[in-house]
Amino acid sequence: MRITVLSGAGISAESGVPTFRDDATGLWAKYDPYELSSTDGWQTHPERVWAWYLWRHHLVATVEPNNGHRAVAAWQDYADVAVITQNVDDLHERAGSKPVHHLHGSLSEFWCDTCGARYHAPLPDMPEPELEKMPPSCECGGLIRPGIVWFGEQLPDGPWRAAVEAVATADVLVVVGTSGIVYPAAGLPEVALARGTIVVEVNPQPTPLSENATLTIRESATTALPTLLLQLPALLEN
Ligand code: APR
């Protein structure tokens, strides 16, 4: 059996990484979250965007994969599993999943916004959140930016192709912890449903996918995923 997982911020929430929208209630509440995750925001306030990502970089390094990530990795003992994630953390990898296709980039990659050169120097730690920090400069004079796909940017070609392929070949698509409103990732479950693939949604809250999914499980990732594989045949019969 081939299982493809499409994950979003919700799967990492129980590890202590705030979801995209939860974060808006914290230190950065006064900023529009789109401004912190967009090319426009970077051009007008790189010091805000850099501080936001440096803090998230620190946060992710201090948390651990949870039983949701671990369950997905454990499925590899029984099935052919591919993970597509919108998350920029590495918690799926640290739980042992392979391959993991990062549609929205990675918090551990940085490059120059002008010449594109990779940046490998150690980053300053940010143990407490700060609202502003100027990014380092590249030799060419450009600014070092996070390797994240912002609003207004194209998804990386390789991961996107791999994701489309993983959906096209899946027997079951498990969609976990995503609000399902950010395209093109949100279109992948639609593609699977159109092909007649079983789509199981795991999310404590309803989403635009809920109505159409083959099965919706209104539970958190750490509750639902560890028993999902065993329960799947029975759940699909009901
Ligand atoms: N288990 C499962 N789902 C959860 C949990 C949990 N413990 N906690 C929250 N959720 C669900 C929420 O109900 C919500 O539907 O996770 C979803 C998180 O939604 P978003 O914060 O919108 O995250 P995501 O869907 O990953 O966002 C997509 O938007 O800005 C971007 O690029 C960013 O990759 C991100 C994209």
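Residues numbered from 1 in each chain as written. Predicted model: local features only at pLDDT ≥ 70, side-chain atom pairs only at ≥ 80, totals over all residues. Heavy atoms only, no water.

## Quick word on the overall build of the chain
- When its secondary structure is counted, the chain shows 9 helices and 8 strands.
- Against the 2.2 N^0.38 benchmark of 18 Å for 238 residues, the chain shows a C-alpha radius of gyration of 18 Å, consistent with a compact globule.
- Seen through its C-alpha atoms, the chain measures out along the principal axes to roughly 60 × 30 × 30 Å.
- Taken over 238 residues, the chain has a buried fraction of 48%.
- Sequence-distant contacts in the chain: of pairs separated by 6 or more residues, those separated by 24 or more amount to 68%.
- Accessible surface for the chain amounts to roughly 11,200 Å². Of this, 52% is attributable to carbon and sulfur atoms.
- Positive and negative charge centroids in the chain, built from 14 and 29 side chains respectively, lie 2 Å apart. (Helix = DSSP H or I, 4+ residues; strand = E, 2+ residues; numbered from the N terminus. Rg over C-alpha atoms; globule rule 2.2 N^0.38 Å. Buried < 20%, exposed > 50% of the residue type's maximum accessible area, 1.4 Å probe, protein only. Contact = heavy atoms within 4.5 Å. Areas by Shrake-Rupley, 256 points an atom, 1.4 Å probe, with all protein chains shown as cover. Lys, Arg positive; Asp, Glu negative; His and termini not counted. Charge placed at Lys NZ, Arg CZ, Asp CG, Glu CD.)

## Looking at the packing of aromatic side chains
- If you walk through the whole model with that rule in mind, you get 4 aromatic pairs.
- Pairing Trp-52 with Tyr-53 gives two aromatic rings, centres 6.3 Å apart and planes at 85°, and the pair type is edge-to-face.
- Given the relative accessible area of 6%, Tyr-53 is considered buried.
- Judged by centre distance (6.4 Å) and plane angle (45°), the rings of Tyr-53 and Trp-150 are tilted. Here the residue Tyr-53 occupies a position in helix α4 (residues 46–62), and Trp-150 occupies one in the loop between β5 (144–148) and α7 (157–168), the gap between them amounting to 97 residues. Each member of the pair, Tyr-53 together with Trp-150, is buried.
- Here a set of aromatic residues connected by ring pairs shows up, and it is made of Trp-42, Trp-52, Tyr-53 and Trp-150.
- Residue placement shows Arg-145 over the ring face of Trp-150; its charged tip is 4.0 Å from the ring centre. (Phe/Tyr/Trp six-rings, centres within 6.5 Å; stacked < 30°, edge-to-face > 60°. Lys NZ or Arg CZ within 6 Å of the ring centre and 35° of its normal.)

## Considering the environment of Ala-73
- Examined against the element boundaries, Ala-73 turns out to sit in helix α5 (residues 67–74).
- With 66 residues separating them along the chain, Ala-73 and Glu-139 place their C-alpha atoms 40 Å apart.
- With residues up to four places along the chain from it excluded, the contact list for Ala-73 reads Ala-95, Gly-96 and Ser-97.

## Describing the domain arrangement of the chain
- Domain annotation for the chain reports domain 1 (1–17 + 66–104 + 155–238) and domain 2 (18–62 + 107–148).
- The straight-line distance from the C-alpha centre of domain 1 to that of domain 2 is 27 Å.
- Of the roughly 860 Å² buried between domain 1 and domain 2 on both sides combined, carbon and sulfur atoms contribute 62%.
- For the pair domain 1 and domain 2, the interface holds 0 salt bridges.
- The tally of links between domain 1 and domain 2 comes to 2 residue pairs in polar contact (both at pLDDT 80 or more).
- Looking at which element gives the most residues to the side of domain 1 that touches domain 2, the answer is helix α1 (residues 9–13), with 3 residues.
- Residues belonging to the side of domain 1 that touches domain 2 are distributed by class as follows: 5 nonpolar, 4 polar and 3 charged. (Domains from an automatic or database assignment. Buried area = accessible area lost by both parts, 1.4 Å probe. Salt bridge = Lys/Arg side-chain N within 4 Å of Asp/Glu carboxyl O. Polar contact = N/O pair within 3.5 Å; in protein donor to acceptor, adjacent residues only side chain to side chain. Nonpolar A, V, L, I, M, F, W, Y, C, P; charged D, E, K, R; others polar.)

## Comments concerning the packing of α5 against helix α9 (residues 221–237)
- Packing of α5 against α9 leaves a shortest axis separation of 8 Å and a crossing angle of 20°. Here α5 is positioned roughly parallel relative to α9, judged by the angle of their axes. Here α5 and α9 pass one another in a crossing that is left-handed. Between α5, through Asn-67, Gly-68, Ala-71 and Val-72, and α9, the contact on the second element is made entirely by Ala-221, Thr-222, Leu-225 and Pro-226.
- Of the residues that constitute the contact of α5 with α9, the class distribution is 5 nonpolar, 3 polar and no charged. (Axes fitted to C-alpha atoms, helices over the stretch in contact; angles between N-to-C directions. Parallel < 35°, antiparallel > 145°, perpendicular 65-115°, else oblique. Left-handed = near helix turned anticlockwise from the far one by under 90°.)

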